[in-house]
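Read off the chains here:
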Amino acid sequence: MSTTGEATVNPDGSTTFDDAGADANFDNTTDGSGIPNMDEETTAEEIIKGTDPALYLAIAVVCFAVIFVFIQIRKKRKSDEIDSFFSNLDGDKFNLQLPGSVDDYYEAKEKCEKAGWEPGQSSGAQPSPHHRALAQALMKRCIDDIPIVTHIQRESPGMNKLYSQSMCSVKQWKSYQAAEAMVSAEVEEVRAEADEIEPGWSQVIWRQAMQYSQMLKQKEEQAKKAQAEQQRAIAAQQAAANEKNNAEKAKYDAIKAKVDAEKARLANADQAEKDRAAKAEKAAQELLKAEEREKQSKASFGGKGGMKKGFLG
């Protein structure tokens, strides 16, 4: 829509025209404070175009550095956990000791040798007391060795696998090797001593010891089981006795409660009867007092204070 300009005559004779439409258009591009309005899309594009690309590169580098540091910290933490795990394995796992029955055997052997026993002699049909005592001492030694022998046998495959994959520490591997060497030497020494006591016994002594060890273990487990059953039986008897005592106590308490309730009822009845008698006695006393007052009143009325005869006559 077109607008009409307004002419103004100046004092010098010139004329000027006020363009109302231009003013109106100018007003439409400003806000109330007089600042021109800016198009949002145009402004965003201008800001983006004016941003230095090096800023984006710097942000990317910072993000990459943060991620790299986080990954390195996580790897170090995981490595520390693994080192701690293997460090814990270096503890007492292979810190094995020979049983005390080893020294006991050599003490028994020394006594037998002093008594005239000679190694390598067959016992024959009738073994001597020294031969029998020494054989028993060696068998006890062999049976006591069974736990450490089975421990090394159980751990050997795993340790060899860890060592082949470089997954165990040097300290742990050396500790295992020392324990294995000690156990192997003990096994061979027991066999040698067995042949001295009875030639050929070395071929079967460890198998016999394993059988005896299993028998002793089963016997021990049976003893523990029997003890546990005995304890359960004692506990059951105690529980039954407690239950019986509780039942008797509950019965006694019920009877006592009934007796106490009856006593209380009788006591309340006696008290009520006494209260009624007291109230009746009190009522009788009050009635007697009322009659006495009435008599006194009548006597007073008929006495000095009464009216004389013939007062009206």
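Being a predicted model, the structure only gives us computed values, none of them experimental.

Asker: Explain helix H4 (residues 101-114) here, please?
Answerer: Since there are 3.6 residues in each turn of an α-helix, residues three or four apart along the chain are aligned in direction. In this model H4 runs 20 Å from its N-terminal to its C-terminal C-alpha over 14 residues, within 8% of the 20 Å that 1.5 Å per residue would give. Within the span of H4, buried status applies to Ser-101, Val-102, Tyr-105, Lys-109 and Cys-112. Take H4 and look down its axis: the buried residues cluster within an arc of 105°, on one side only. Exposed residues lying more than 90 degrees from the buried face of H4 are Asp-103, Lys-111 and Lys-114. Contact partners of the buried residues in H4: helix H5 (129-164) and helix H6 (170-197). Directly beyond the C-terminal end of H4, a positive phi value near 110° is found at Gly-116.

Asker: Which parts of the structure should I look at to understand the environment of Val-149?
Answerer: Mapped onto the elements of the fold, Val-149 is located in helix H5. Put simply, Val-149 and Ala-179 are 30 residues apart on the chain and 9.8 Å apart in space, counted from C-alpha to C-alpha. Contacts of Val-149, omitting those with residues within four sequence positions, involve Val-183, Val-187 and Trp-206.

Asker: How do you make sense of the packing of aromatic side chains when you look at a structure like this?
Answerer: The geometry of an aromatic ring pair is captured by the separation of the ring centres together with the interplanar angle, meaning the angle of the planes. If you walk through the whole model with that rule in mind, you get 4 aromatic pairs. Their ring planes at 70° and their centres at 5.3 Å tell us that Tyr-105 and Tyr-106 sit as a pair that is edge-to-face. Relative accessible area serves as the criterion here: at 0%, Tyr-105 is assigned to the buried category. Measuring from ring centre to ring centre gives 5.4 Å for Trp-173 and Tyr-176, while their planes differ by 40°; the resulting arrangement is tilted. Linking Trp-173 with Tyr-176, this pair stays in helix H6, spanning 3 residues, or about one helical turn. Taken together through their ring pairs, the aromatic side chains of Phe-94, Tyr-163, Trp-173 and Tyr-176 make up a single cluster.

Asker: Help me out: how do you make sense of the packing of H4 against H6 in this one?
Answerer: Geometrically, a packed helix pair is captured by the angle between its two axes and the distance between the axes. It is at 13 Å that the axes of H4 and H6 come closest, and there the two elements cross at 25°. Taken together, the axes of H4 and H6 are roughly parallel relative to one another. Regarding H4 and H6, the two cross each other, and that crossing is left-handed. Mapping the contact onto sequence places Val-102, Tyr-105, Tyr-106 and Lys-109 in H4 and Glu-186, Glu-189, Glu-193, Glu-196 and Ile-197 in H6. Here the contact of H4 with H6 is built from residues that sort into 4 nonpolar, no polar and 5 charged.

Asker: Would you mind going over unusual backbone geometry with me for this structure?
Answerer: Trans peptide bonds make up most of the peptide bonds, and negative phi angles are found at most residues other than glycine. Of note in this structure, Ser-166 is not a glycine but carries a positive phi near 55°. As for its position among the elements, Ser-166 is in the loop between H5 and H6. Looking at Ser-166, the relative accessible area reads 66%, which means it is exposed.

Asker: Explain the nonpolar core here, please?
Answerer: Looking at soluble globular proteins, one finds that nonpolar side chains tend to be buried together. With 30 residues, the main nonpolar core has Leu-138, Val-183, Ile-197, Trp-201, Ile-205 and Trp-206 as its most contacted residues. Of all the elements in the fold, those that place two or more residues in this core are H4, H5, H6 and helix H7 (205-302). In terms of residue count, the dominant contributor to this core is H5 (12 residues).

Asker: Help me out: how do you make sense of H6 in this one?
Answerer: Spanning 28 residues, H6 covers 41 Å between terminal C-alpha atoms, matching the ideal 40 Å at 1.5 Å per step. Along H6, the positions that sit buried rather than exposed are Gln-172, Trp-173, Tyr-176, Ala-179, Val-183, Glu-186, Val-187, Val-190, Glu-193, Ala-194 and Ile-197.

Rules behind the numbers
- Residues numbered from 1 in each chain as written.
- Predicted model: local features only at pLDDT ≥ 70, side-chain atom pairs only at ≥ 80, totals over all residues.
- Heavy atoms only, no water.
- Helix = DSSP H or I, 4+ residues; strand = E, 2+ residues; numbered from the N terminus.
- Expected span 1.5 Å × (residues − 1).
- Buried < 20%, exposed > 50% of the residue type's maximum accessible area, 1.4 Å probe, protein only.
- Arc of directions from axis to C-beta.
- Contact = heavy atoms within 4.5 Å.
- Phe/Tyr/Trp six-rings, centres within 6.5 Å; stacked < 30°, edge-to-face > 60°.
- Axes fitted to C-alpha atoms, helices over the stretch in contact; angles between N-to-C directions.
- Parallel < 35°, antiparallel > 145°, perpendicular 65-115°, else oblique.
- Left-handed = near helix turned anticlockwise from the far one by under 90°.
- Nonpolar A, V, L, I, M, F, W, Y, C, P; charged D, E, K, R; others polar.
- Core = buried A, V, L, I, M, F, W, Y, C linked by side-chain atoms within 4.5 Å.

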